[in-house]
Amino acid sequence: MAHVELSLSEAFVPHARATIEPEYGGSVALWTPTVAAAAEPCLLIDAEMAIVAVSEECCRLLHLGTPDDATGRSLIDGVLRLVDFTQARSELTEAEIEKIPPRLALKSGRLARGLLRIVAEGGTDEVVTVDAIATPLLDGGTVAGSLTFFCEV
């Protein structure tokens, strides 16, 4: 008959995790390298709407240039040119921008989903429509940022 002994000890937690918090802390710092290396189009913003990390595929889809070009810039102040779904392609008002998924996730602290219509930078008339799903990132019960995944429609 086999004999099995079980002993319990404290979990081993490597100390290296304490050094992954560069200028951002908590969940934003934890997600930064993941988003930057992701194959999927995704974007991480902080509570002030500044882009913390963006995947290369997201830059291609949303016409943001390179990740280095987009990182540090405000998502809504000149990075994305958001337009409505009419044929006129009128730019969104501030009230409408408040409802885009990345910003709504920050403001509400809840999941947010919606369609966005984006005009490419550089004077072209190319328009892309994307489905965006955003989740807030919490630190100690406070919203510190949001993580958004995009899919072209």
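Everything in this summary refers to the structure shown in the same document. Everything numeric in this text was worked out from a predicted model, so none of it was measured. (Residues numbered from 1 in each chain as written. Predicted model: local features only at pLDDT ≥ 70, side-chain atom pairs only at ≥ 80, totals over all residues. Heavy atoms only, no water.)

### Topic: the overall build of the chain
Here is step 1: When its secondary structure is counted, the chain shows six helices and six strands.
Here is step 2: Written out in order from the N terminus, the α and β elements of the chain read α-β-β-α-α-α-β-α-α-β-β-β.
Here is step 3: Put simply, 43% of the contacts in the chain that link residues at least 6 apart link residues at least 24 apart. (Helix = DSSP H or I, 4+ residues; strand = E, 2+ residues; numbered from the N terminus. Contact = heavy atoms within 4.5 Å.)

### Let's talk about the side chain of Arg117
Here is step 1: Relative to the helices and strands, Arg117 is located in strand E4 (residues 112-119).
Here is step 2: The charged side chain of Arg117 is buried without a salt bridge, its nearest counter-charge being Asp84 at 5.0 Å.
Here is step 3: With residues up to four places along the chain from it excluded, the contact list for Arg117 reads Arg81, Leu82, Val83, Asp84, Phe85, Thr86, Arg89, Val127, Val128 and Thr129. (Buried < 20%, exposed > 50% of the residue type's maximum accessible area, 1.4 Å probe, protein only. Lys, Arg positive; Asp, Glu negative; His and termini not counted. Salt bridge = Lys/Arg side-chain N within 4 Å of Asp/Glu carboxyl O.)

### Brief notes about helix H6 (residues 101-108)
Here is step 1: All buried positions along H6 are accounted for by Pro101, Pro102, Arg103, Ala105 and Leu106.
Here is step 2: Where the residues of H6 are buried, they touch strand E1 (42-46), helix H4 (75-79), helix H5 (94-97), E4, strand E5 (127-139) and strand E6 (142-152).
Here is step 3: Two residues or fewer after H6 comes Gly109, characterised by a positive phi angle close to 75°.

### Thoughts on the pattern of salt bridges
Here is step 1: On inspection of all chains with the given rule, the structure shows five salt bridges.
Here is step 2: Linking Arg60 and Glu57 is a salt bridge whose minimum nitrogen-to-oxygen distance equals 2.5 Å. On the criterion of helical spacing, the pair formed by Arg60 and Glu57 is a turn pair, its members being three residues apart in helix H2 (residues 56-62).
Here is step 3: Two residues, Arg103 and Glu94, come together in a salt bridge whose shortest N-O distance is 4.0 Å.
Here is step 4: The exposure class of Arg103 is buried, given its relative accessible area of 12%.

### What to know about the pairing of E4
Here is step 1: Within E4, six of the eight residues are buried, leaving the element largely enclosed by the surrounding structure.
Here is step 2: Sheet topology places strand E3 (residues 81-83) next to E4; three bridges connect them, and they run antiparallel. The residue bridging Val83 from the neighbouring strand is Arg117, located in E4. (Pairing = 2+ DSSP bridges.)

### Overview of the sheet that holds E4
Here is step 1: On the basis of which strands lie adjacent, the open sheet formed by six strands has the order E2-E1-E6-E5-E4-E3 and antiparallel pairing. Looking along the sheet, the strands with just one partner apiece sit at the ends: strand E2 (51-54) and E3. Across the sheet, the axes of successive neighbouring strands diverge by a mean angle of 35°, strand direction being ignored.
Here is step 2: Here E5 pairs with E6 via 10 bridges, running antiparallel. Its bridge partner being in E6, Val130 is matched across the sheet by Glu152.
Here is step 3: Strands in contact with H6 are E1, E4, E5 and E6; relative to E6, the strand with the most contacts, it is inclined by about 155°. (Axes fitted to C-alpha atoms, helices over the stretch in contact; angles between N-to-C directions.)

### Notes on a nonpolar patch on the surface
Here is step 1: Taken together, the side chains of Phe85, Leu115 and Val153 define a hydrophobic patch exposed on the protein surface, amounting to about 330 Å² of accessible area.
Here is step 2: With respect to the element layout, Val153 can be found in the segment after E6.
Here is step 3: Under the relative-accessibility criterion, Val153 is labelled exposed at 66%. (Patch = residues over 30% accessible without salt bridge, like charges linked within 9 Å, V, L, I, M, F, W, Y side chains within 5 Å. Areas by Shrake-Rupley, 256 points an atom, 1.4 Å probe, with all protein chains shown as cover.)

Just distances and angles here, no functional claims.
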